[in-house]
Amino acid sequence: MKKLLKKNVILTGFTVAGLMLSNVAMADLLVYNGQHKNAGVEKAAQLFTEKTGIKVELKTGKTPELAGLLKEEGAKSPADIFIAESTGPFLSLSEAGLLAPVGDDALANVKGENVPQAPKKDFVPIGVRSRVLAYNPNKIAEKDLPKSWTEMVNDPKWKGNFSYHPGSGALVDQIAIYKKLHGLDATKAFLKTMKENGQSITGHTPALKKVDAGELGVAMINQYYLERLYKEKGQENVQAKIHYMRNADADSALSFSAAAVLKASKQQKEAQQFLAFLTSKDGQEAYISTSGEWPTNAKAVSPVSYLVPLDSLNPPKTTFNNYAEIEEAKTLIKEAGIQ
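Not measured: the values here are computed from a predicted model.

Colleague: Would you mind showing me how to read the pairing of strand β2 (residues 56-60) here?
Modeller: Of all the 5 residues making up β2, 5 are buried; the element is thus mostly covered by neighbouring parts of the structure. What you see with β2 is no split at all: V56, L58 and T60 on one side and E57 and K59 on the other are buried throughout. Looking at chain direction, strand β1 (residues 29-33) and β2 are connected through 5 bridges and run parallel. Residue pairing across strands places V31 opposite L58, the latter belonging to β2. With respect to chirality, the unit in which β1 leads through helix α2 (residues 41-52) into the neighbouring parallel β2 is right-handed.

And the structure:
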């Protein structure tokens, strides 16, 4: 059993804005959870406890801050598991040697052409996201949407009528893939033109709401935000729809929520058991019941009505971005004045 975790242990030498530290209790497993609150991890953890009797304590915060905390804590971290909404932080933690190899059961649960394995097999995808265009069919017909984001940012008729989220981890992944496919000069040109001609709106939900209200033509978002708006307003009250690009370019890039066991964990067996459950059919269906993502286990069934089959998306044929590619993408975005 894990001893009582005190606030001053977590915060020593590091301030974690947004990290929820209340109600710390005895737990068999401690999860640093970078997912949005009530995004599905809670349900999966509760079901795991019901099935195994192993208690799970979630410490929810912002992904970059939790990853930074794990780096600072290193081998002394009290965390057993890290869950986050993008793979970049895992690549950084992997580079630092802080992640344990994923067990065979979890690896076996997650297979598929569009779900690649981590380079060192030390983290595992638990949810799939696609980049899409949100639009309002009462304002714009789907047939009139741009065929690519490159076309959109360069077309005068879309100037000021599209948005991007400057702080999105998915944007970082997308730009890393864009550079792989198009090269450095084209990537710089894309970012420069996107900044000049688009609206920078922090948060996918605010941009989606502007599209829904007819105040913005299209927004670059991840597909699951539409499901969240359905839950907030009721599907019958939402006008916005999403358009899958399906062009094998960075526009239709997939990104992944993921999970890993920390090498510092003193509960390796139980932590691997949790990863195996989280990637199982039951665990996946509990997780995606509120996350709005595609499951990474092909046996799991999503409740989201508008999700098309994952194998129909035609994403670019790339593997996970590596650590260096992620860092370069961040640099390019900053140099463009977007972050």
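Colleague: In this structure, what is going on with the nonpolar core? I would like to understand it.
Modeller: If you look at soluble globular proteins, the nonpolar side chains tend to sit buried side by side. Counting residues in each nonpolar core, the largest one holds 106 residues, and the members touching the most others are F82, M194, M220 and F274. Here this core gets 7 residues from one element, more than from any other, and that element is strand β4 (residues 124-135). With sequence-adjacent residues up to four places away left out, F82 is seen in contact with Y32, T63, L66, A67, L70, P89, F90, L93, A258, A259, A260 and L262.

Colleague: Explanation requested: the packing of aromatic side chains in the structure shown.
Modeller: Each pair of aromatic rings is reported with the distance of its centres and the angle of its planes. This model, assessed by the stated rule, comprises 8 aromatic pairs. The residue whose ring lies beneath R228 is Y225, and the NZ or CZ to ring-centre distance is 5.1 Å.

Colleague: Got a minute to help me understand helix α4 (residues 88-95) in this structure?
Modeller: Along an α-helix, residues three or four positions apart point the same way, because every turn accommodates 3.6 residues. Extensive coverage of α4 is indicated by the burial of 7 of its 8 residues. Within α4, the full set of buried residues consists of G88, P89, F90, L91, S92, L93 and S94. With its phi angle positive at about 75 degrees, G97 sits one or two positions after the end of α4.

Parameters and conventions
Residues numbered from 1 in each chain as written. Predicted model: local features only at pLDDT ≥ 70, side-chain atom pairs only at ≥ 80, totals over all residues. Heavy atoms only, no water. Buried < 20%, exposed > 50% of the residue type's maximum accessible area, 1.4 Å probe, protein only. Helix = DSSP H or I, 4+ residues; strand = E, 2+ residues; numbered from the N terminus. Pairing = 2+ DSSP bridges. Right-handed = clockwise from strand over helix to strand, strands pointing away. Core = buried A, V, L, I, M, F, W, Y, C linked by side-chain atoms within 4.5 Å. Contact = heavy atoms within 4.5 Å. Phe/Tyr/Trp six-rings, centres within 6.5 Å; stacked < 30°, edge-to-face > 60°. Lys NZ or Arg CZ within 6 Å of the ring centre and 35° of its normal.

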